[in-house]
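What the coordinates show
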Amino acid sequence: MQKLKAEIWDKVQFIFRNYYDRMIHCASYYEGKVDLSALRKSLYRIVEAYPILRSSFNSSPINPSWTVNEQFCEEEMADAVYCDDLQKSVHLSLGGEISYKAKFQFKMTVHYCGNNSAISLLVNHMCMDGADFKYLIGKIVEGYNIIVRGEDIKSLSLKSGERGVNQLYKDMSDEDAKTARGLMKNVSRTGVKNKFAFTDDEECATCFNLRKLDKDFIDALKSKGKQLGATLNDVFVAAYARAISEYLEESDDKRIAVTCMKNLRDHIDSGESENLTNLTGFMPCVLDGVEGEFEQTLASVVEKTKSAKEDEFCGLYGLPLMALAFKVFPFSIAEFAIKIGYENPLIGMSNIGIISEEAITADGLKCVDAFMTGATKFKPYIQLTTTTFKGETTMCIAEKCSEEDSRRINALLDSVIEELKTFAR
């Protein structure tokens, strides 16, 4: 029976299971009907190539690992659902969870509604992060197109290699690699305890709170931001920080910490991981406050992010500390130590970036919309995720919460947009 090594972030995502659902989510909507058989064949080829997708996690207290499941068939690759409301059906599917013990670490569903269809995909975050999730989705669609054109699916090219963090150091000089491997500083601990004012309601359900920003609006934000030396992500962080400041629990501390997720593939010359994996780091942005005009907050954000980005080891801090904990201690003790030492961000933001229209356009179908979001957070943690498709940006806060909590989250999203409108004017 084949075993796979549990890498650092596989273990950390498992340890953080009480903070979020460990899922990453994607939905794409089409005019026309997706060929279920072709989709299953494509996914089968990919699951063959990537054993992590058909493995069960063994949470051994000593040394956890993955056990690869060798018996599987095409029919298991995707389910079909017939519905009257595509979005409702998709969101219901995305709200599910996959056990780390399950045979497969993904769940794909094709939703049919009249002459339209949608694909929803859930993957265990222990297997990969947003960057490789985009890669996976692109390859599934590429394989689908090969099949519907009547070509050989074996021609589908798939990357292969290690899943571990060592690949982050391979393109560095010996001196830089030595320095990077010694970066023990724990950047997850910002010292800021301010958090979103959720209710104490215990009757909670997963909900996806979405907002769309059209292309013209995004272009205006980019243009205005560029004039001030800010990226679009900087603008989003500033708007998010200003908006959420009005929805925090009462505190004398006026600081706000928005922790952004950093794609560590920037430290690899190719910009790509060798395999499906997690290569993510924390990039906290701690603001002293958000009083004054939007431009003042944005200037503070730019200062913080510029300083972080100019650090050639940005995002790599703390990885050696986690690696050491897993190396020195049995997993059960390392889990306890990491829970004490590491702070899951109370206020997070993840810009997954552009979803390529070409990458997810299935032959014979028009892709009309798509979005991705990270894990569904549990109270009191909250995260804003952004993805851009056809120039439009989808903002999503996925949260397991009550109806009143969802109302507050939607009010927050409206406030974020109002902040952006004020800036764009």
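Rules and cut-offs
Counting from 1, residues in each chain are numbered in the order their sequence is written. Residue-level local features of this predicted model are given only where pLDDT is at least 70; pairs of side-chain atoms are given and counted only at 80 or more, and the full residue set underlies all totals for whole chains, interfaces and linings. Hydrogens are left out, water is left out, and the side-chain values use all remaining heavy atoms of the structure. Helix and strand assignments follow DSSP, with helices taken as H or I runs no shorter than four residues and strands as E runs no shorter than two, numbered in order from the N terminus. To get the radius of gyration, use the C-alpha atoms; to get the globule rule, take the number of residues to the power 0.38 and multiply by 2.2 Å. We call two residues in contact whenever any of their non-hydrogen atoms come within 4.5 Å of each other. Axes, fitted as lines to C-alpha atoms, cover a helix only where it is in contact. Angles between the N-to-C directions of the axes lie from 0 to 180 degrees. Under the scheme applied here, ten amino acids are nonpolar (Ala, Val, Leu, Ile, Met, Phe, Trp, Tyr, Cys and Pro), four are charged (Asp, Glu, Lys and Arg), and all others, including Gly, are polar. At least two DSSP bridges between two strands are needed for those strands to be called paired. Here, the term nonpolar core denotes a set of buried Ala, Val, Leu, Ile, Met, Phe, Trp, Tyr and Cys residues that are joined through side-chain atoms within 4.5 Å. Each residue is assigned to one of three classes by its accessible area relative to the maximum for its type, calculated with a 1.4 Å probe on protein chains only: buried under 20%, partly exposed between the two thresholds, exposed over 50%. When two cysteine sulfur atoms are found within 2.5 Å, that pair is recorded as a disulfide. Working definition: a ring pair exists when centres of Phe, Tyr or Trp rings (six-membered ring for Trp) sit within 6.5 Å. Plane angles under 30 degrees give stacked, over 60 give edge-to-face, the rest tilted. A ring is scored as having a charge over it whenever the NZ atom of a lysine or the CZ atom of an arginine sits within 6 Å of its centre and within 35 degrees of its normal.

**Quick look at the overall build of the protein chain**
Check the secondary structure of the protein chain and you find 12 helices and 15 strands. The C-alpha atoms of the protein chain give 21 Å as radius of gyration, which agrees with the globular expectation for 425 residues (22 Å, within 12%). Dimensions of the protein chain, computed from the C-alpha atoms along their principal axes, are close to 60 × 55 × 45 Å. Considering only intrachain contacts with a sequence separation of at least 6, the fraction spanning at least 24 residues in the protein chain is 78%.

**A closer look at the packing of helix α9 (residues 319-328) against helix α10 (residues 331-341)**
Contact geometry of α9 with α10 gives a least axis separation of 7 Å together with a crossing angle of 150 degrees. Packed against α9, whose contacting residues are M322, A325 and F326, the element α10 presents F331, A334 and I338 at the interface. Residue composition of the contact of α9 with α10, by class: 6 nonpolar, no polar and no charged.

**Concerning the sheet that holds strand β3 (residues 55-58)**
Spatially, β1-β4-β3 is the arrangement adopted by the 3 strands of the open sheet, whose pairing is antiparallel. Each having just a single partner strand, β1 (3-5) and β3 make up the two edges of the open sheet. Recorded for the sheet is a direction-independent mean angle of 30 degrees between the axes of neighbouring strands. Here 4 bridges tie β3 to strand β4 (residues 65-68), and the two strands are oriented antiparallel to one another. Across the sheet, residue F57 finds its bridge partner in β4, namely W66.

**Here we look at the nonpolar core**
L53, F133 and L136 are the most contacted members of the largest nonpolar core, which totals 88 residues. Here this core gets 9 residues from one element, more than from any other, and that element is helix α4 (residues 130-148). Excluding residues that lie within four positions of it along the chain, L136 makes contacts with I46, L53, L121, V123, M128 and L276. The next biggest cluster of nonpolar side chains, apart from the first, holds 43 residues, and it includes F198, Y240, V290 and I397.

**Brief notes about the state of the cysteines**
Applying the stated criterion to the full structure yields 0 disulfides. Its sulfur unpaired, C367 is 8.9 Å from the next cysteine sulfur, which belongs to C26. Of all cysteine sulfurs in the structure, the one in C207 sits closest to C396, which takes part in no disulfide; the separation is 8.9 Å. Given a relative accessible area of 1%, C396 falls into the buried group.

**Brief notes about the sheet that holds strand β12 (residues 366-373)**
Strand order in the open sheet formed by 5 strands is β5-β6-β7-β2-β12, and the pairing between neighbours is mixed. At either margin of the open sheet sits one strand with a lone partner, and together these are β5 (78-82) and β12. Direction aside, neighbouring strands of the sheet carry axes that sit 15 degrees apart on average. Each of β2 (23-31), β6 (106-113), β7 (116-124) and β12 is contacted by α4, which is oriented at about 135 degrees to β7, the strand it contacts most.

**Examining the environment of C127**
Considering the arrangement of structural elements, one finds C127 in the loop between β7 and α4. Along the chain, C127 and I409 lie 282 residues apart, while their C-alpha atoms are 28 Å from each other. Excluding its chain neighbours within four sequence positions, the residues that come into contact with C127 are I52, W66, Q105, R163, L276, T277 and N278.

**Some details on the packing of aromatic side chains**
Applying the stated criterion across every chain yields a total of 16 aromatic pairs. Aromatic pair W9 and F282: ring centres 6.2 Å apart, planes at 85 degrees, arrangement edge-to-face. Pair noted here: W9 is in helix α1 (residues 8-15) and F282 is in strand β10 (residues 280-287), with a separation of 273 residues, a long-range link. For the pair F57 and W66, a centre-to-centre distance of 5.0 Å together with 65 degrees between the ring planes defines the contact as edge-to-face. Taken as a pair, F57 and W66 share a single burial class, namely buried. Ring-pair connections join several aromatic residues into one group, and the members of that group are F14, F57, W66, Y100, F326 and F331. Above the plane of the ring of F326 lies K11, whose end atom (NZ or CZ) is 4.8 Å from the centre. For R17, the ring lying beneath its charged end belongs to F14, and the centroid distance is 3.9 Å.

None of this, on its own, says anything about what the molecule does.
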